[in-house]
Amino acid sequence: MSAEDLPESYQERLERLQELSEFTEKCKKQLNDIFESLGWSQDYKGKEPMEQCPYDPNHRVPVRTMEKHKASCRLQKMGYSAEEQAEMYDPSVCYENSNIRSFTMDKSTQHQVILQARSAAPLMKMEGVFWQGQYSGQPVDVPQNHKRALCDLTVADRLALYDYVVGVFNQQKESAAASDDLYVDLVSKLQKDEKQNEPKSHLELMAEMRDYKRRRQSYRAKNVHITKKSYTEVIREVINVHSAELAKQWKEEEDEKDSSRSDRSSHSRWPDRRRSRSSESRHNRRHRSRERSRDREGKKKKKKKRWRRLKGG
Ligand SMILES: [Zn+2]
């Protein structure tokens, strides 16, 4: 490098710097325009909390979409392509409100089932049965599609898993049948107990069961609103019950009055009798009260007499 070159290169550097800063300014302006037209803010730092993906420490994922990412990342790690993932559906919704029983296999159950079947199998090759070499020795991920079920599990594995699942369902069926018997027995017993009464309807039985559950300590303990009422709440309830009873009574009296008023025009038999009975009772009451007052007066007179006698004597 010569001495004359130096200022020139310095000049060049300055120019380059100028160029670069102009370029960055231009980029910044473009970005600003884009953000502005989209209505976005560039101030994104710290707004969206991020988390590390449990399957790949290099993945930083927003907490908001973590569950979705985890599901797909897990499948990705298990070797399922995006196309295969797109074909997968969660079938659990189909079994929610149906009688069809379903079984969800997990990796450890699958491994246990295969190990068990393997240990029960003969050590050496035998005609007609699977021998130990035909089972997978290492735990295998639960296959998520048919292709993987064929590739990852051996024929012997699949038969063992099939037998296991069928066995689980048969067990469930048996226990369900047993509880059905229990229910039937309970009903017949109840009917035997109250043979003089009419047999109870299904609704009544359900109500009884519900009441029984309510009486149980655990139910009462869980439902604090039943057991722990404040004094005000108790009093409010008492007042409500009494008010309702009074309202009912008044309404009945009103109805009675109305019906007796309308009876005067119509000559039906029953309300007439009711009215006469009520007037009779009113009469009786008056009569009785008159008697009572007479009685009281008599007592007073006696008292006076006694008083006079004492004075005189
Ligand atoms: Zn991930």
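Basis of the calculations
Residues numbered from 1 in each chain as written. Predicted model: local features only at pLDDT ≥ 70, side-chain atom pairs only at ≥ 80, totals over all residues. Heavy atoms only, no water. Helix = DSSP H or I, 4+ residues; strand = E, 2+ residues; numbered from the N terminus. Buried < 20%, exposed > 50% of the residue type's maximum accessible area, 1.4 Å probe, protein only. Contact = heavy atoms within 4.5 Å. Donors = N, O, S within 2.8 Å, 3.2 Å for Na, K, Ca; no water. Salt bridge = Lys/Arg side-chain N within 4 Å of Asp/Glu carboxyl O. Polar contact = N/O pair within 3.5 Å; in protein donor to acceptor, adjacent residues only side chain to side chain. Patch = residues over 30% accessible without salt bridge, like charges linked within 9 Å, V, L, I, M, F, W, Y side chains within 5 Å. Areas by Shrake-Rupley, 256 points an atom, 1.4 Å probe, with all protein chains shown as cover. Expected span 1.5 Å × (residues − 1). UniProt positions renumbered as here; feature names shortened; annotations may be inferred. Phe/Tyr/Trp six-rings, centres within 6.5 Å; stacked < 30°, edge-to-face > 60°. Lys NZ or Arg CZ within 6 Å of the ring centre and 35° of its normal. Core = buried A, V, L, I, M, F, W, Y, C linked by side-chain atoms within 4.5 Å. pLDDT = per-residue confidence, 0-100.

Colleague: When you look at the overall build of the protein in this model, what are you seeing that I'm missing?
Modeller: If you tally the helices and strands in the protein, you get 12 helices and 2 strands. Beginning at the N terminus, the succession of helices and strands in the protein can be written as α-β-β-α-α-α-α-α-α-α-α-α-α-α. Taking all 313 residues of the protein together, the buried fraction comes to 13%. At a minimum sequence separation of 6, the contacts of the protein that also span at least 24 residues come to 35%.

Colleague: Quick question: what am I supposed to make of the coordination of the zinc ion here?
Modeller: Angles between donor atoms at a metal ideally measure 109.5 degrees for a four-coordinate tetrahedral arrangement and either 90 or 180 degrees for a six-coordinate octahedral one. Binding of the zinc ion to the protein goes through Cys-53 (SG), His-59 (ND1), His-69 (NE2) and Cys-73 (SG), at separations of 2.1 to 2.3 Å. Each donor residue of the zinc ion belongs to the same chain, with the gaps between them written as C-x5-H-x9-H-x3-C. In this pair, His-69 and Cys-73 are both assigned in helix α2 (residues 66-77), 4 residues apart and thus about one turn of the helix distant. Judged on exposure class, the residue His-69 and its partner Cys-73 are both buried.

Colleague: Could you clarify how one ought to interpret the pattern of salt bridges in this entry?
Modeller: Any two side chains of opposite charge can pair if their charged atoms end up close together. Enumeration over the complete set of coordinates arrives at 10 salt bridges. Close ionic contact of Glu-19 with Arg-16 constitutes a salt bridge, the shortest N to O distance being 4.0 Å. Of this pair, Glu-19 and Arg-16 both sit in helix α1 (residues 5-38), 3 residues apart, roughly one helical turn. Relative accessible area serves as the criterion here: at 53%, Arg-16 is assigned to the exposed category.

Colleague: Could you clarify how one ought to interpret the side chain of Thr-109 in this entry?
Modeller: Secondary-structure assignment places Thr-109 in helix α5 (residues 107-120). Within the structure, the side chain of Thr-109 is placed 2.8 Å from the side chain of Asp-106, a separation counted as a polar contact.

Colleague: Is there a simple way to explain a nonpolar patch on the surface in this structure?
Modeller: On the surface, Leu-31, Ile-34, Leu-38 and Trp-40 cluster together into a nonpolar patch covering about 430 Å² of accessible area. Relative to the assigned elements, Ile-34 resides in helix α1.

Colleague: Teacher, can you tell me more about α5 here?
Modeller: Since the α-helix packs 3.6 residues into each turn, any two residues three or four apart lie on the same face. If you check α5, its first and last C-alpha atoms are 20 Å apart, about what 14 residues at 1.5 Å a residue would give, namely 20 Å. For α5, the full list of buried residues reads Thr-109, Gln-110, His-111, Val-113, Ile-114 and Ala-117.

Colleague: So what exactly am I meant to see when it comes to the UniProt feature "domain: CHHC U11-48K-type" (unreviewed entry) in the protein here?
Modeller: Feature annotation in UniProt assigns "domain: CHHC U11-48K-type" (unreviewed entry) to the following positions: residues 50-77. In residues 50-77, helix accounts for 43% and strand for 21%; the two terminal C-alpha atoms are 21 Å from one another.

Colleague: Is there a simple way to think about the packing of aromatic side chains in this case?
Modeller: For any two aromatic rings, the description comes down to two numbers: the centre-to-centre distance and the angle of the planes. In this structure the tally under the stated criterion is 2 aromatic pairs. Seen in terms of ring centroids, Phe-103 and Tyr-164 are 5.8 Å apart; in terms of plane orientation they differ by 75°. Their pairing is edge-to-face. Here Tyr-164 lies in helix α7 (residues 155-193) and Phe-103 lies in the loop between α4 (92-95) and α5, a separation of 61 residues in the sequence. According to the relative accessible area criterion, Phe-103 is partly exposed, its value standing at 30%. Positioned above the aromatic ring of Tyr-80 is the side chain of Arg-148, whose terminal nitrogen or guanidinium carbon lies 4.3 Å from the ring centre.

Colleague: Can you walk me through the nonpolar core in this structure?
Modeller: In globular proteins that are soluble, nonpolar side chains generally tend to be buried together. Counting 12 residues, the largest nonpolar core is built from Met-105, Val-113, Ile-114, Ala-117, Ala-121, Tyr-135, Val-140, Val-142, Leu-153, Ala-156, Ala-160 and Leu-161. Of all the secondary structure elements, the ones that give two or more residues to this core are α5 and α7. Sequence-distant contacts of Val-140, that is, excluding residues within four places in its chain, are made with Lys-107, Gln-110, Asp-152 and Leu-153.

Colleague: Where do I start with the side chain of Arg-148 in this structure?
Modeller: Take Arg-148: it is sitting in helix α6 (residues 146-152). Setting aside chain neighbours within four positions, we find Arg-148 in contact with Met-78, Gly-79, Tyr-80, Pro-143 and Leu-153.

Colleague: Got a minute to help me understand α2 in this structure?
Modeller: Helix length check: α2, at 12 residues, gives a terminal C-alpha distance of 16 Å against a target of 16 Å (1.5 Å per residue), a fit within 8%. The inward-facing, buried residues of α2 abut β1 (50-52), β2 (60-62) and α3 (82-86). Positioned one or two residues after α2, Gly-79 has a phi angle of 95°, which is positive.

Colleague: Can you help me understand the confidence of the model for the protein in this one?
Modeller: Any region with low pLDDT has predicted coordinates that should not be read closely. Per-residue confidence for the protein gives a mean pLDDT of 77, with 67% of residues at or over 70. Of all secondary-structure elements in the protein, the lowest mean pLDDT belongs to helix α12 (residues 269-312), at 50, while α5 reaches the highest, 94. Overall, residues 271-282 carries pLDDT values under 50, and its contacts beyond four positions in sequence, including any with other chains, amount to 6 contacts.

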